[in-house]
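One-letter residues, chain by chain:
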Amino acid sequence: MLYLDTRDKSVKVDFKSAVMGGMNAATGGLYVPENFPKIDLEKISGENSDFRKIAFEMILPYVEGEIPESDLRALIDDAYPFDPRLVKIDGSSYVLELFHGPTCAFKDFGARFMARAMSYFNRGEDGRLHILVATSGDTGSAVGSAFHNVEGLDVTILYPDGKISPLQEKQLSTFTGNVRALRVKGSFDDCQKLVKTAFTDSDLRKKFRLSSANSINISRLLPQSFYYMHTALQAKRENPNKKIIVVVPSGNFGNLTSGLIAREMGAPIEGFVAATNSNHTIPDWIATGKYEARPSVETFANAMDVGAPSNYERISNMYSLDEVRRLFASFWLDNDGIIEAIRDCEEKCSYTIDPHGAVAYKAWQEIMRGGLSSISAEADISKPGLTPNVPDWAGCENNSVGIILETASPAKFGQTVKLATGKEPALPERLERVMHLPDNSVPMENDYAKFRAWLEENLR
Ligand SMILES: *Cc1c(COP(=O)(O)O)cnc(C)c1O
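Residues numbered from 1 in each chain as written. Predicted model: local features only at pLDDT ≥ 70, side-chain atom pairs only at ≥ 80, totals over all residues. Heavy atoms only, no water.

A.B. asks: What's the story with the overall build of the protein chain in this structure? I'm lost.
C.D. replies: What the protein chain contains, in helices and strands, is 19 helices and 15 strands. Over its C-alpha trace the protein chain gives a radius of gyration of 21 Å, about what one expects of a compact globule, namely 23 Å for 460 residues. Expressed along its principal axes, the backbone C-alpha trace of the protein chain runs to roughly 60 × 45 × 45 Å. Counting over 460 residues, the protein chain shows a buried share of 61%. A fraction of 77% describes how many contacts in the protein chain between residues 6 or more apart in sequence connect residues 24 or more apart. A total of about 17100 Å² of accessible surface is found on the protein chain, and carbon and sulfur atoms cover 47% of it. For the protein chain, the separation between the mean place of its 51 positive charges and that of its 61 negative charges on side chains is 1 Å. (Helix = DSSP H or I, 4+ residues; strand = E, 2+ residues; numbered from the N terminus. Rg over C-alpha atoms; globule rule 2.2 N^0.38 Å. Buried < 20%, exposed > 50% of the residue type's maximum accessible area, 1.4 Å probe, protein only. Contact = heavy atoms within 4.5 Å. Areas by Shrake-Rupley, 256 points an atom, 1.4 Å probe, with all protein chains shown as cover. Lys, Arg positive; Asp, Glu negative; His and termini not counted. Charge placed at Lys NZ, Arg CZ, Asp CG, Glu CD.)

Below is the structure:
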């Protein structure tokens, strides 16, 4: 498989180069596979079709000729000692729990595969590989955990000081050894900009081998497609005559891009709902046709606080605006709505949902209430709710099941959940443990020269 650059179609690289480079430093473009092979669904759709078997069949065409099958099988088994879990919450809705990995968030799926792929490709190289990662919450812990003590690799995590939850901070600042965290005086977008600037700094790249671990890396995106396929097949077995709609709480839009990849590969998914918090750059783009990146706004669903979503570049490269409008409904929800949605889900479905999943839950509720049929082209897009866009699948709602992606354990956002329901969910043991470790983060100005100086001093 070859990978194309979103900004320069003449660039074609292999999987290893796309993984190790993260993005194309010369153009600032992102890598996209040149095609999305259809999977033989017969082969993977049996009653006891295992998640790892589906993962193996799906990733194979993307790494063929670069990772032998036996090594690939071992890599997949090592990456996924846990499964996604599909939970039915009412007659037409499922929640897909993606938080059963080590850091209790869906980013474990992408990060654990990426760490093992990088480690695999780094074996033949001399010198260490330095991973720079900006995080608005869960990326840092997932990446830190996935790379911790992996031979030959170092990780530097940048996060916005004071803008992530105390638990999230503990989860990414308490590593020792090869994983370090910088707390930046700025927003997530500032962190992302520092990282992007480092990648385009050719002098710096002459001194150090740098790579990224954000959702811009294709080796994080491809493995997230596994659970879409796994789940769509399961939901289809349970509801053979219904259409499957997947509702994705989105920030940087990596997760949703992975859903698009799964659909291209043959997953029986009829359409998607792009659901955001008050950072509604993408819903506005779908409504108006104009893409306007903006500064991020802080919300209760803070892992989605992204005003300039990187994967817009991939989505708009893979599809025309018209195709996006036919495939996606879109929706956004403010903080008050998030609290109400958590409460509503608890009361109606006896299911404790986290603030990110709550955005998707509410989007699906609105759609099931017939929201798409009463949408007005003049709807005010500065108000929360469904975006004035009617996808091709609208009208089939009553013959559909919605799969709401639950991207984090509600225990990670206990304060917000308590605000809504009056009860704080218990911390799983693996989270309880990190709360007692010392914070090793280093303060950093939002200033590229200072960041660069720190790298020069600290990278080996
Ligand atoms: C990162 C994250 C998201 C957003 O995912 P994107 O791929 O950036 O759209 C949603 N929920 C949680 C809990 C996350 O950590």
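A.B. asks: Can you help me understand the sheet that holds strand β7 (residues 153-160) in this one?
C.D. replies: Adjacent strands of a sheet form backbone hydrogen bonds with each other and so pair up, either parallel or antiparallel. Taken in spatial order, the five strands line up as β9-β6-β7-β8-β15 in an open sheet, and their pairing is parallel. Edge positions in the sheet fall to β9 (209-212) and β15 (442-444), since each has one partner strand and no second. Direction aside, the axes of adjacent strands within the sheet are offset by 30° on average. Where strand β6 (residues 129-134) lies against β7, six bridges are found, and the strand directions are parallel. Its bridge partner being in β7, L132 is matched across the sheet by T156. Each of β7 and β8 (179-184) touches helix α7 (residues 166-173); the most contacted strand, β7, lies at about 160° to it. Against the sheet, helix α8 (residues 188-199) makes contact with β6, β7, β8 and β9, and its axis sits at roughly 150° relative to β6, the strand it touches most. (Pairing = 2+ DSSP bridges. Axes fitted to C-alpha atoms, helices over the stretch in contact; angles between N-to-C directions.)

A.B. asks: What am I meant to see in the packing of helix α5 (residues 107-122) against helix α10 (residues 218-238) here?
C.D. replies: In a packed pair of helices, the relevant descriptors are the angle between the two axes and the axis-to-axis distance. Axis separation between α5 and α10 bottoms out at 8 Å; the angle between their running directions is 130°. With respect to α10, the element α5 is oriented oblique. Considering only the axes of α5 and α10, their crossing is right-handed. Touching K107, F109, G110, A111, F113 and M114 of α5 are S219, R220, P223, Q224 and Y227, all from α10. In the contact of α5 with α10, the residues fall into six nonpolar, three polar and two charged. (Parallel < 35°, antiparallel > 145°, perpendicular 65-115°, else oblique. Left-handed = near helix turned anticlockwise from the far one by under 90°. Nonpolar A, V, L, I, M, F, W, Y, C, P; charged D, E, K, R; others polar.)

A.B. asks: I keep staring at the pairing of strand β4 (residues 85-90) and nothing clicks. Help me out?
C.D. replies: Remark: a regular strand shows side chains that alternate across the two faces of the sheet. Pairing geometry for β4 and strand β5 (residues 93-97), over five bridges, is antiparallel. Within β5, the position partnered with L86 by the bridge is L96. Between β4 and the antiparallel strand that follows it, β5, lie two residues.

A.B. asks: What is the right way to read the environment of V273 from this model?
C.D. replies: For V273, the position within the fold is in strand β11 (residues 271-276). With a relative accessible area of 0%, V273 lands in the buried category. A sequence separation of 91 residues divides V273 from W364, and the C-alpha atoms of the two residues are 8.0 Å apart. Not counting the four nearest positions on each side in its chain, V273 is found in contact with I245, V246, V247, V248, A329, F331, A363, I367 and W393.

A.B. asks: Help me out: how do you make sense of the sheet that holds strand β3 (residues 31-33) in this one?
C.D. replies: A sheet is described by the order of its strands in space; here three strands give the open sequence β2-β1-β3, paired in antiparallel fashion. Single-partner strands in this sheet number two, and they are β2 (12-13) and β3.

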